[in-house]
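Okay, here's what each chain looks like letter by letter:
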Amino acid sequence: MWRYEPLLPISSRWSSRLAVGDTPLLSLGADDGVHLWVKDDSRNPSGSLKDRATELVLAAARWLGCTQVVAASTGNAGASLACIAASQQMPATVVVPRHTPYAKLAQIRAYGAQVQVIDGTYDHAFDVAISMADAPEVCCRNTGFNPFTREGKKTCAFEIAEALGWDVPDWVVVPTGDGNILSGIATGFLDLFALGITTRVPRLLAAQASSSHSIAHDWLVSGASGASGALPSSPTPVTPNTVADSRSVSRPRDHLAALQALRMTQGECVVVTDAQIMASSQILSQRYGLWFEPSAAAGHAALSDAIACGRIEPGARVVLLGTGSGLKDPHACARVACDVGATATDLGAFAPSISPGDTIDVPMRSRP
């Protein structure tokens with residue numbers, strides 16, 4: 001991502017040793033009548049797009065003289081902070097809700113970060129993390145609170161545009177929780193347009209889970225009315241309960257910037273159910289070999305819905321953001337896995353019964 005240093009607010013001299021960004025844009029060909037690409041940001045060091053934000057935040061923290069970092073997270077931002085802080089040799093603390101997926105907690109601890117588990121929601125963790133950053137030497141990475149998160153995430157838009165020869169797609173589908181990826185992607189494309197590098201800005205499609213739909217609600221109530229309507233300064237609180245844990249937010253902290261991003265890109269919002277999300281997770285895995293966590297699969301579910309209802313027309317060029325690896329939450333993804341019992345029964349037709357103590361003769365092939 002540092003190849004775009006002239007468009008970033010921090011010098012690369014403060015960067016980590018890790019290779020953040022420069023992830024592949026995969027062409028999936030025709031999918032439900034549109035030409036679909038996937039920006040596979042699960043290839044980042046910690047396995048998610050959040051590394052773009054963390055890389056820039058910690059570079060800024062070093063530049064400003066901070067010696068410690070803290071963040072609230074449902075898992076991905078925490079793993080990202082722990083990963084890049086380890087590379088920067090900065091002590092890190094991650095505040096997480098108790099229901100955070102085990103795989104993400106294991107990843108955070110593997111990088112050596114301190115984990116503070118609270119009996120509350122992500123929103124409670126958010127406030128705790130801010131209170132821990134009162135001292136000037138402590139940098140808070142919280143999404144939507146630290147402005148450098150948006151600046152890091154905009155590099156994803158730069159890479160999409162460059163990979164397509166600066167001919168931007170018609171739509172970019174953005175899985176949305178706090179709204180920070182949405183505002184970051186919009187910032188990137190708007191920067192390119194303002195500089196005359198591209199000739200237009202793609203429309204953004206925000207994908208939200210049905211119980212974590214604050215941004216979609218406020219957009220439909222006020223934002224979609226046109227460029228002249230007033231946008232709400234504070235989000236409508238919701239009660240999230242979704243398999244897409246990375247999008248599970250009651251009060252989106254980048255709410256206003258997300259709504260502004262939708263307005264400036266003539267965007268749309270789609271709300272999807274957990275059943276739709278897991279169905280899309282299965283499609284991405286079994287049709288394309290792309291195993292993303294449910295929070296990322298929400299984008300594909302929203303795309304399917306938008307195509308079905310005519311919001312996205314046949315023949316459109318669409319980029320879907322693959323924001324995080326399926327390894328982040330394997331228990332959720334296992335809900336759509338093949339039935340283990342049936343698979344074991346089927347294997348009986350191919351393999352002989354083996355008992356303890358049996359020896360197995362394996363024929364050896366001669367070398368060519």
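For the structure itself, consult the block above.
Residues numbered from 1 in each chain as written. Predicted model: local features only at pLDDT ≥ 70, side-chain atom pairs only at ≥ 80, totals over all residues. Heavy atoms only, no water.

1. A look at empty space enclosed by the protein
So, point 1. The tally for this structure, following the rule as stated, stands at one cavity of 30 Å³ or more.
So, point 2. If you add up the space inside the largest cavity, you get close to 170 Å³.
So, point 3. Considering the residues around the largest cavity, the lining is formed by 20 residues, among which Lys50, Thr143, Asp178, Ser246 and Arg247 are closest to the centre.
So, point 4. Partitioning the lining of the largest cavity into residue classes produces six nonpolar, nine polar and five charged. (1 Å grid on protein atoms, 1.4 Å probe; cavity = no way out; pocket = protein on both sides within 12 Å on 5 of 7 lines; lining within 4 Å. Points joined across faces, edges and corners; volume = space filled by probe spheres on them. Nonpolar A, V, L, I, M, F, W, Y, C, P; charged D, E, K, R; others polar.)

2. Quick look at the packing of helix α2 (residues 76-88) against helix α3 (residues 102-110)
So, point 1. In contact at an axis separation of 8 Å, α2 and α3 are set at 15 degrees when each is read in the N-to-C sense. On the basis of the axis angle, α2 is roughly parallel to α3. Crossing of α2 over α3 shows left-handed handedness. Of the residues in α3, those touching α2 at Asn76, Gly78, Ala79 and Ala82 are Lys104, Gln107 and Ile108.
So, point 2. Considering only residue class, the contact of α2 with α3 consists of three nonpolar, three polar and one charged. (Axes fitted to C-alpha atoms, helices over the stretch in contact; angles between N-to-C directions. Helix = DSSP H or I, 4+ residues; strand = E, 2+ residues; numbered from the N terminus. Parallel < 35°, antiparallel > 145°, perpendicular 65-115°, else oblique. Left-handed = near helix turned anticlockwise from the far one by under 90°. Contact = heavy atoms within 4.5 Å.)

3. Side note on the pattern of salt bridges
So, point 1. Under the definition given, this model contains 20 salt bridges.
So, point 2. Across the salt bridge formed by Arg287 and Asp31, the nearest N and O atoms sit 3.3 Å from each other. One end of the pair, Arg287, is in helix α9 (residues 274-288); the other, Asp31, is in strand β1 (residues 25-31), and 256 residues separate them in sequence.
So, point 3. A salt bridge links Asp127 to Arg253; the shortest N-O distance between them is 3.6 Å. Taken together, the residues span a long stretch of sequence, with Asp127 in helix α4 (residues 122-131) and Arg253 in the loop between α7 (214-221) and α8 (255-264) at a distance of 126 residues.
So, point 4. Taken together, the shared-partner salt bridges connect Lys39, Asp41, Arg52 and Glu159 into one network. (Salt bridge = Lys/Arg side-chain N within 4 Å of Asp/Glu carboxyl O.)

4. Notes on the pairing of strand β8 (residues 203-209)
Note on strand geometry: in a regular strand, side chains alternate between the two faces of the sheet.
So, point 1. Burial analysis of β8 places six of its seven residues in the buried class, the great majority of the element.
So, point 2. As paired elements, strand β7 (residues 171-175) and β8 share five bridges and run parallel to each other. When the sheet's bridge partners are listed, Val173 is paired in β8 with Leu205.
So, point 3. Taken together, β7, helix α6 (residues 180-194) and β8 constitute a β-α-β crossover, and its handedness is right-handed.
So, point 4. Summarising the sheet, β8 and strand β9 (residues 268-272) pair through five bridges and their orientation is parallel. Bridge assignment links Ala206 to a residue of β9, and that residue is Cys269. (Buried < 20%, exposed > 50% of the residue type's maximum accessible area, 1.4 Å probe, protein only. Pairing = 2+ DSSP bridges. Right-handed = clockwise from strand over helix to strand, strands pointing away.)

5. Some words on the side chain of Ser46
So, point 1. Its place among the elements puts Ser46 in the loop between β2 (34-40) and α1 (50-64).
So, point 2. When its relative accessible area of 3% is taken as the criterion, Ser46 is described as buried.
So, point 3. In this view, Ser46 contacts Asp51, Ala79, Ser80, Cys83, Gln107, Tyr111 and Lys328; residues no more than four positions away in its chain are not counted.

6. Details of the sheet that holds β8
So, point 1. The strand order β1-β2-β10-β7-β8-β9 describes an open sheet built from six strands, whose pairing is mixed. Strand pairing shows two members of the sheet lacking a second neighbour, β1 and β9, which therefore form its edges. For this sheet the average axis-to-axis angle between neighbouring strands, irrespective of direction, equals 25 degrees.
So, point 2. Of the strands in this sheet, β7, β8 and β10 (317-322) are in contact with α6, which crosses β7 at around 155 degrees.

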